[in-house]
Amino acid sequence: MPRHMRLVTWNINSLRLRLPLLEKLVRHLAPDVVCLQETKVPDPLFPEDGVKALGFEHLHYRGMKGYNGVAILSRHPLKPVTQTPVWYGKEDCRHVAATVCAPEGEVELHDFYIPAGGDEPDPETNPKFAHKLAFVEEVTEWFQSRPLNRTVLVGDFNIAPLEHDVWSHKQLLKIVSHTPPETERLNLWLQTGFVDAMRHFVPPEKKLYTWWSYRNRDWKKSNRGRRLDHVWMTPDLLPNLNGMTVVREARDWEGPSDHVPVVVDFSLSD
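Source: prediction; values computed, not measured.

Attention shifts here to the UniProt feature "site: Important for catalytic activity" (unreviewed entry) in the chain. UniProt records the feature "site: Important for catalytic activity" (unreviewed entry) for Asp 229 in the present numbering. In contact with Asp 229, not counting residues within four places along its chain, are Asn 11, Gln 37, Gly 155, Asp 156, Met 198, Thr 210, His 259 and Val 262. Polar contacts involving the side chain of Asp 229 include one to the side chain of Thr 210, which spans 2.5 Å.

See below:
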C-alpha cells in the first residue's frame, strides 16, 4: 500500500539559535524528513540530542562554524550518498545527500545550499558571483552524468528563476538571484531530469515566494519576496505528489529566519 510522506525544506539560518522554531515546525506539521540549510554549526557541536528528541533518529549532516551547513533529519533510516564532488574545490558544506529507506520504497534525496553570489552580478569583478555560476555549472554536469530515478532535490538555491518568483521581474533583472546568467544556468540544471514540484501546484503566472528580507520593516505589507527555496523531483515521482505548502506564517515567528519552510507531500509505492 502506498504511504504518505511529508518532506520539509528550510533555510533555518542557524540551527542552534532556532532549534525551538524547528520544534514548533515539527509539532505543527509532523514531517517525516526535514532538510535544513545554513545550519551554521560544525559537526562536533551539532545538537543531535535536541534533534533526536523531536523524533528524528536518523541524521546526515555536514557543517562548519558560522557559515553554510546542510542537514537531513529523518524518521526513516538513511544511507548516505558519499561519492559527491567537492564543488568548486571548496569544502564549504553546501551539499549533503542520502537515500531515505522507507518501508514502502527508497528515495534518493539531495539537500543543497547554493552560494548567494554577493552583490555585483559580474563574475569578472565579483569572485562570489563567479563561484555561484561555476557551482551551478558543476552540479549540472554531475547530474547529467547520473542515472536519475526516484530522486528528490531540495534546498536554498539562492536563485528565483521565473518572472513571478520575484516581486518585480523588471526591477530585479540586474539584482543577484534573478539575473539571466543565474536563471539560465538553473534551468539547465532542472533540465537534467527534474520537475519543479512547487510550480506543479502553483502555475508560473502566479506569484510564489519563500524569502522576505529582514530589511523590510513590514514584510507582509511590502511583500517584496523571492522564491529562493526549491523542491525538484524526477518525473517518476510526479504522479505521487499530493500537495505543497509554503509556510508563510513562519516568517512571523519570534526570531524568524528570513526564509520560510516549504512542505511537499507525496506517496511511496511498494
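Turning next to helix α3 (residues 127-144). For α3, with 18 residues, the first-to-last C-alpha span of 26 Å sits near the 26 Å given by 1.5 Å per residue. Within α3, the full set of buried residues consists of Phe 129, Ala 130, His 131, Lys 132, Leu 133, Ala 134, Phe 135, Val 136, Val 139, Thr 140, Trp 142 and Phe 143. In this fold, the buried residues of α3 make contact with β6 (95-102), β7 (105-113), β8 (151-156) and α5 (180-190). The residue sitting at the N-terminus of α3 and contributing the capping side-chain oxygen is Asn 126; that oxygen lies 3.0 Å from the backbone nitrogen of Lys 128.

Moving on to the packing of aromatic side chains. Across all of its chains, the model carries 17 aromatic pairs by this definition. Seen in terms of ring centroids, Trp 87 and Trp 142 are 5.7 Å apart; in terms of plane orientation they differ by 85°. Their pairing is edge-to-face. Taken together, the positions of Trp 87 in the loop between β5 (78-80) and β6 and Trp 142 in helix α3 put the pair 55 residues apart, joining distant regions of the chain. For Trp 87, a relative accessible area of 5% gives the class buried. Relative accessible area serves as the criterion here: at 13%, Trp 142 is assigned to the buried category. On the numbers, 5.9 Å between centres and 40° between planes, the contact of Phe 194 with Trp 232 is tilted. Placement of the pair is Phe 194 in the loop between α5 and β9 (195-196) and Trp 232 in strand β12 (residues 229-233), with a sequence separation of 38 residues.

Okay, the layout of surface pockets next. For the largest pocket, the calculated volume is near 960 Å³. Along the wall of the largest pocket there are 32 residues; nearest its centre are Ala 116, Gly 117, Gly 118, Asp 119 and Asn 158. Looking at the lining of the largest pocket, the element that brings in the most residues is α3, giving four residues. Taken together, the residues that form the lining of the largest pocket break down as eleven nonpolar, ten polar and eleven charged. By volume, the second largest pocket is sized at about 170 Å³. Lining of the second largest pocket is provided by Trp 167, Gln 171, Leu 172, Ile 175, Trp 211, Ser 213, Arg 215, Asn 216, Arg 224 and Arg 226.

We now examine the sheet that holds strand β4 (residues 70-74). Read across the sheet, six strands follow the order β3-β4-β2-β1-β14-β13 without closing on themselves; strand pairing throughout is mixed. Each edge of the open sheet is held by one strand with a lone partner, namely β3 (58-62) and β13 (241-246). Averaged over neighbouring strand pairs, the angle between their axes works out to 15° when direction is ignored. The pairing of strand β1 (residues 3-11) with strand β2 (residues 33-37) spans five bridges and is parallel. Across the sheet, residue Trp 10 finds its bridge partner in β2, namely Leu 36. Against the sheet, helix α1 (residues 19-29) engages β1, β2, β4 and β14 (262-268), with an angle of about 155° to β1.

The rules behind each value
Residues numbered from 1 in each chain as written. Predicted model: local features only at pLDDT ≥ 70, side-chain atom pairs only at ≥ 80, totals over all residues. Heavy atoms only, no water. UniProt positions renumbered as here; feature names shortened; annotations may be inferred. Contact = heavy atoms within 4.5 Å. Polar contact = N/O pair within 3.5 Å; in protein donor to acceptor, adjacent residues only side chain to side chain. Helix = DSSP H or I, 4+ residues; strand = E, 2+ residues; numbered from the N terminus. Expected span 1.5 Å × (residues − 1). Buried < 20%, exposed > 50% of the residue type's maximum accessible area, 1.4 Å probe, protein only. Phe/Tyr/Trp six-rings, centres within 6.5 Å; stacked < 30°, edge-to-face > 60°. 1 Å grid on protein atoms, 1.4 Å probe; cavity = no way out; pocket = protein on both sides within 12 Å on 5 of 7 lines; lining within 4 Å. Points joined across faces, edges and corners; volume = space filled by probe spheres on them. Nonpolar A, V, L, I, M, F, W, Y, C, P; charged D, E, K, R; others polar. Pairing = 2+ DSSP bridges. Axes fitted to C-alpha atoms, helices over the stretch in contact; angles between N-to-C directions.

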